[in-house]
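Chain residues, written in single-letter form:
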Amino acid sequence: MMMFYWVSLFIVSISFAGLLFRLVKGPTVADRVVALDAIGVTLVSIVALLSLIIETEFFLEVILLMSILSFIGTAAFAKFLERGEIFDRDSR
Amino acid sequence: MRNSWREGRFSIEILVDILIIILIGTGVLFSAVTALGLIRLPDVYTRTHAASKSSTLGVLSILLGTFVHFWFNEDIFNTQMVVAIAFLFITQPVAGHLIGRAAYMTGIKVAEETVRDDMGTAIENRRNNQQEELENE
């Protein structure tokens, strides 16, 4: 069972490296934001697999926090790309 | 009596392990598919498609496997995991949609293989309607 967790962590890490390739190379900014979003999600699954391997339940609090931060970052990036600012005072 | 109880417990552990292996295997497969799609697909919109759907299913399966492991093997029912699974399931497609819309609004071209583009005609119609309203006023 532990071997299975290690192999899963290895494959997920390889896919993480693939996402990093897209983050560095991506021709436009939107490509990089897509890659960052996917990296946040992959990081969540890496944390879950690590908590399975180390056999502790204290990492599980990180998962919720990291998913919330990833979504807020992606939404802020999307609004910044579309409007050019994140906080607009006079929203009509 | 006690022996049969032990056997029952043993088989339940094996069943739970099989369930965990199926869930985490699905999640790892879909994570790999996400990376493959982000590397191979031609433009931003198809990459958004790969990154929002398959990565949602992948992380959902891995988190479900972790949740089942901590519930049945360690007797820890972690409610934060349930909230995190529901939150990821709701917000990840929304994030993909937001990025795709922002990319279209900033004027990134679609790939050459694209057959039809409905968003362009929709924006044109909306702009024309707004101009007509202004002229009527």
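Since the model is a prediction, treat every value here as computed from it, not as a measurement.

1. Description of the overall build of chain B
- In terms of helices and strands, chain B carries four helices and zero strands.
- Mapped from its N terminus to its C terminus, chain B presents α and β elements in the order α-α-α-α.
- Taking 137 residues into account, the globule formula puts the C-alpha radius of gyration at 14 Å, and chain B, at 23 Å, lies well above it.
- Principal-axis analysis of the C-alpha atoms places the extent of chain B at approximately 85 × 35 × 20 Å.
- Across the 137 residues that make up chain B, the buried fraction comes to 35%.
- By sequence separation, contacts in chain B at least 24 residues apart represent 65% of the contacts at least 6 residues apart.
- Looking at chain B, you have 11 positive and 15 negative side-chain charges, and the mean spots of the two groups are 7 Å apart.

2. Some words on the confidence of the model for chain A
- The pLDDT averaged across chain A works out to 89; a share of 97% of its residues lies at or above 70.
- Helix H1 (residues 2-25) of chain A holds the highest mean pLDDT among the elements of chain A, 94, whereas helix H3 (residues 60-83) of chain A holds the lowest, 90.

3. Observations concerning helix H3 (residues 79-105) of chain B
- Taking 1.5 Å per residue as the helical rise, H3(B) with its 27 residues ought to reach 39 Å, and the 39 Å between its terminal C-alpha atoms agrees with that figure.
- Remark: the principal bend of H3(B), roughly 25 degrees, maps to Thr91(B), with a proline, Pro93(B), within the next four residues.
- Listing the buried residues of H3(B) in full gives Met81(B), Ala84(B), Ile85(B), Leu88(B), Thr91(B), Gln92(B), Ala95(B), Gly96(B), Ile99(B), Gly100(B), Ala102(B) and Ala103(B).
- On its buried side, H3(B) packs onto helix H2 (29-54) and H3 of chain A together with helix H2 (44-72) of chain B.
- One side-chain oxygen at the N-terminal end of H3(B) lies 3.1 Å from the backbone nitrogen of Gln80(B); it belongs to Asn78(B).
- In the stretch just after H3(B), Gly107(B) is the one whose phi turns positive, near 85 degrees.

4. Re the side chain of Ser51(A)
- Tracing the backbone through its elements, the reader meets Ser51(A) in helix H2.
- When sequence neighbours within four positions are dropped, the list of residues in contact with Ser51(A) reads Thr56(A), Phe59(A), Leu60(A), Thr66(B) and Phe70(B).

5. Describing the environment of Ala50(B)
All names here are of chain B.
- Summarising the element assignment, Ala50 is placed in helix H2.
- Among the residues examined, Ala50 registers a relative accessible area of 10% and is labelled buried.
- If we skip the residues at most four places from it in the chain, Ala50 touches Thr34, Gly37, Leu38, Leu41 and Ser55.

6. What to know about the packing of H1(A) against H2(A)
Residues and elements named next belong to chain A.
- One can describe the packing of H1 onto H2 by two numbers: an axis separation of 9 Å at closest approach and a directional angle of 165 degrees. If you check the angle between H1 and H2, you find them roughly antiparallel. H2 is crossed by H1, and the crossing has left-handed handedness.
- Counted by class, the contact of H1 with H2 contains 20 nonpolar, four polar and three charged residues.

7. Quick word on the packing of aromatic side chains
- Tallied over the full model, the rule gives seven aromatic pairs over all chains.
- Residues Phe4(A) and Tyr5(A) carry aromatic rings whose centres are separated by 6.1 Å and whose planes lie at 50 degrees to one another, so their mutual orientation is tilted.
- The exposure class of Phe4(A) is partly exposed, given its relative accessible area of 22%.
- Grouping aromatic residues by their ring pairs yields a cluster made of Phe67(B), Trp71(B), Phe72(B) and Phe77(B).

8. Quick look at the interface of chain A and chain B
- With 41 residues of chain A at the contact, the number on the chain B side is 42 residues.
- Buried surface at the junction of chain A and chain B, both sides included, amounts to about 3700 Å², of which 80% is carbon and sulfur.
- Across the contact surface, chain A and chain B share two salt bridges.
- Between Arg47(B) and Asp31(A) there is a salt bridge; the shortest N-O distance is 2.5 Å.
- Where chain A meets chain B, there are five residue pairs in polar contact (both at pLDDT 80 or more).

Reading the values: rules and limits
- Residues numbered from 1 in each chain as written.
- Chains lettered and ligands numbered in written order.
- Predicted model: local features only at pLDDT ≥ 70, side-chain atom pairs only at ≥ 80, totals over all residues.
- Heavy atoms only, no water.
- Helix = DSSP H or I, 4+ residues; strand = E, 2+ residues; numbered from the N terminus.
- Rg over C-alpha atoms; globule rule 2.2 N^0.38 Å.
- Buried < 20%, exposed > 50% of the residue type's maximum accessible area, 1.4 Å probe, protein only.
- Contact = heavy atoms within 4.5 Å.
- Lys, Arg positive; Asp, Glu negative; His and termini not counted.
- Charge placed at Lys NZ, Arg CZ, Asp CG, Glu CD.
- pLDDT = per-residue confidence, 0-100.
- Expected span 1.5 Å × (residues − 1).
- Bend = angle between axes of the 7 residues up to and from the residue.
- Polar contact = N/O pair within 3.5 Å; in protein donor to acceptor, adjacent residues only side chain to side chain.
- Axes fitted to C-alpha atoms, helices over the stretch in contact; angles between N-to-C directions.
- Parallel < 35°, antiparallel > 145°, perpendicular 65-115°, else oblique.
- Left-handed = near helix turned anticlockwise from the far one by under 90°.
- Nonpolar A, V, L, I, M, F, W, Y, C, P; charged D, E, K, R; others polar.
- Phe/Tyr/Trp six-rings, centres within 6.5 Å; stacked < 30°, edge-to-face > 60°.
- Buried area = accessible area lost by both parts, 1.4 Å probe.
- Salt bridge = Lys/Arg side-chain N within 4 Å of Asp/Glu carboxyl O.

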